[in-house]
Amino acid sequence: FTKEVYCVSLYWYARSLLATHEKFVTSSKNLERLFETNRKYLHEHGRDSKPTVLTLNGNNSTNAGNNKKSSKEDNSMARAQKAAASKSCLAYFVDLQYDFYQQKEEQLAETALRDKMVAVIASLDSLLQVSGFSDGLLCKMVVVSSFALERARSETQNVSAHHLSREFLFMMGSILANRLEGILTKTLEKGGANKALPSVRLL
């Protein structure tokens, strides 16, 4: 399956549930099935208990005979690492949303949940540095996180769940703002006295 399949499916459920006053009959069961399928995938394929934090090591070799071949191999490896890290990040992001979703029925230790939040943010931040996700997918992740906050606010009596889902949304906003600042800074650096600034298009 594609790396974003569970996250995008969750987005459509979240958007539908946010836009209606009455849930459709099968919405809860379908949503729980999606969460459980994603968690099963993590149990079967997740090598670590935390999402991957991407670290790409550059190759500074100056050997003329090997530079071209080495560059191709490095690029291929970098793409594979980014794809694997992206899939890991999204799977753990969806799994974290499952923890938020379950707060109505069961209490996950606040420390454990906050640790998962920090791990997902660290993975997401590392991928933002290398444009690991499209703007459209990032917007969908924000909607999903907003859904968790709205559900905690309106449907649960768990104050901790409300605070944690709000904290996670703020953490996401912070790294997205840092990404925007970085892009604008690089754009300004490309300009000059007699050179027009390139346009910036971001969702």
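Now for a quick tour of the structure. (Residues numbered from 1 in each chain as written. Predicted model: local features only at pLDDT ≥ 70, side-chain atom pairs only at ≥ 80, totals over all residues. Heavy atoms only, no water.)

Below, the discussion takes up the packing of aromatic side chains. Two measures describe an aromatic ring pair: the distance that separates the ring centres and the angle between the ring planes. All told, the structure shown has 5 aromatic pairs when counted by the stated rule. Arranged with centres 5.4 Å apart and planes meeting at 45°, the rings of Phe35 and Tyr101 form a pair that is tilted. Here Phe35, found in helix α2 (residues 27-45), pairs with Tyr101, found in helix α3 (residues 64-102); they are 66 residues apart in sequence, far enough to count as distant. Each member of the pair, Phe35 as well as Tyr101, carries the same accessibility label: buried. Ring centres 6.2 Å apart and planes at 55° place the aromatic pair Phe100 and Phe168 in the tilted group. Here Phe100 is found in helix α3, whereas its partner Phe168 is found in helix α6 (residues 159-190), with 68 residues between them in sequence. Here Phe100 falls in the buried class, since its relative accessible area comes to 7%. On the basis of relative accessible area, Phe168 is assigned to the buried category, the value being 1%. Put simply, the rings of Phe35, Tyr98 and Tyr101 touch in pairs and so form one group of aromatic residues. (Phe/Tyr/Trp six-rings, centres within 6.5 Å; stacked < 30°, edge-to-face > 60°. Helix = DSSP H or I, 4+ residues; strand = E, 2+ residues; numbered from the N terminus. Buried < 20%, exposed > 50% of the residue type's maximum accessible area, 1.4 Å probe, protein only.)

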